[in-house]
Amino acid sequence: MYDQNQTRIAEILLLGFPNAYHLKVLLFTIFLLIYVVTLTGNVVIVVLVSVHRRLHTPMYFFLSLLSSSEVISTTNIVPKMLSVILKDGDSMSFAACLTQFYIFSASTNSECFLLTVMSFDRYLAICNPLRYNAIMDFKLRINLVVWSWITGLMVTLLIAILVSNLKFCGPNVIDHFFCDLSPILQLSCSDTTTVKTQAFIFSVPVIVLPFIFIFVTYVFISFAILRLSSHNKRQKKPSPLVVPTWLLYVCIMGL
C-alpha cells in the first residue's frame, strides 16, 4: 500500500518467523511467559523501591529507572510480536513502524547511559565512600537521569528524522518481528549511506564510550575490593569491614 504521492509506503508487513509457522502456538506461549515474567519483575522492582524507604538510595533509584526503561522497551515490541506470531504475519502503518523504532532505540540508548551512571555510582560508593553521600546527592542523581534520557532521545530523534526523509516506494515487507533500523533501511529506494554513517558515528558516544567507562570503573572497583580483602586477611581480629566487602561483591554481581 502506498500514499498518494507514491514516495512513501503507507503500510508495513511484518513476517515474524516465516519458517516456524507450525510452531506458532509454542512460540507464542514462550514469548508471552517471558514477557509476563520480565514485566512483573521490573514492575515489582519499581514498586518496592518506591514504597520502602530503606531502598531510597542512589543505587536502587537508578535500578528502578533502568527497570522502567526495560518495561517501555519490551512493551513497545512484544505485544505486536505476539500478534505477528499468531496471525502468521501482521501489518502496521509506516508511521507506527517508525514510532516503534524510535521508542525502542531511544529506550535502549537511555539504558546504556543509565548503566554508565550506575557504574559511576558504584565507583563512588566503593572507591570514595567518605565523600559518597556528599557527591551523589539528590540534585546530581536527577541531573544524571535527566541527561541520560535527553541524550538517548535526541540521538535517536536525529536518526529518525533522517529515516523519515528517505523515500520508501516499495517493497513493504520486513522479514522481522519488529521495526528495527536495518530492516527499515532495506525498504528505502533512496541512498541510505548518510543514515548508516550517522548511525555508526552515534554508536561511539552511545555504546563504545559507555562500555569503556563501565569497564574502567569496574577495574578500579575490583582493585579496591582486592586491597580491602588483603587488608582484612592481615588483621588478627575480625574486622568490621568484612561484611561490607561481602556486600560489595553482591552489589556488583547484582548489577
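Residues numbered from 1 in each chain as written. Predicted model: local features only at pLDDT ≥ 70, side-chain atom pairs only at ≥ 80, totals over all residues. Heavy atoms only, no water.

Before going further, it helps to examine the overall build of the protein chain. Tallying secondary structure elements over the protein chain gives eight helices and three strands in all. Ordering the α and β elements of the protein chain from the N terminus gives β-α-α-β-α-α-α-β-α-α-α. Counting across all 255 residues of the protein chain, residues that qualify as buried make up 35%. Considering only intrachain contacts with a sequence separation of at least 6, the fraction spanning at least 24 residues in the protein chain is 73%. Just so you have it, the protein chain exposes about 14800 Å², and 70% of that area is on carbon and sulfur atoms. (Helix = DSSP H or I, 4+ residues; strand = E, 2+ residues; numbered from the N terminus. Buried < 20%, exposed > 50% of the residue type's maximum accessible area, 1.4 Å probe, protein only. Contact = heavy atoms within 4.5 Å. Areas by Shrake-Rupley, 256 points an atom, 1.4 Å probe, with all protein chains shown as cover.)

Attention now goes to empty space enclosed by the protein. Think of a ball as big as a water molecule: rolled over the atoms, this probe shows where empty space is left. If you walk through the whole model with that rule in mind, you get one cavity of 30 Å³ or more. Elements with a minimum of two residues in the lining of the largest cavity: helix 1 (24-51) and helix 2 (58-86). Residue classes in the lining of the largest cavity are distributed as seven nonpolar, one polar and one charged. (1 Å grid on protein atoms, 1.4 Å probe; cavity = no way out; pocket = protein on both sides within 12 Å on 5 of 7 lines; lining within 4 Å. Points joined across faces, edges and corners; volume = space filled by probe spheres on them. Nonpolar A, V, L, I, M, F, W, Y, C, P; charged D, E, K, R; others polar.)

For the rest of this paragraph, the subject is the UniProt feature "transmembrane region" (unreviewed entry) in the protein chain. Here, the residues flagged by UniProt with the feature "transmembrane region" (unreviewed entry) are residues 25-48, 140-163 and 200-226. Spanning residues 25-48, this segment combines 100% helix with 0% strand, and its end C-alpha atoms are found 34 Å apart. Along residues 140-163, the helical share is 100% and the strand share 0%, with 35 Å between the first and last C-alpha atoms. (UniProt positions renumbered as here; feature names shortened; annotations may be inferred.)

The next subject is the sheet that holds strand 2 (residues 90-93). With mixed pairing, three strands are arranged side by side in an open sheet as 2-1-3. Since the sheet does not close on itself, it has two edges, and those belong to strand 2 and strand 3 (173-174), each with one partner. Relative to strand 2, strand 1 (residues 11-14) runs antiparallel, the two sharing four bridges. Counted as the bridge partner of glutamate 11 is serine 93 from strand 2. Lying on the sheet, helix 2 is in contact with strand 1 and strand 2; it crosses strand 2 at an angle near 140 degrees. Strand contacts of helix 3 (residues 94-127): strand 1, strand 2 and strand 3, with the helix running at about 90 degrees to strand 2, the strand carrying the most contacts. (Pairing = 2+ DSSP bridges. Axes fitted to C-alpha atoms, helices over the stretch in contact; angles between N-to-C directions.)

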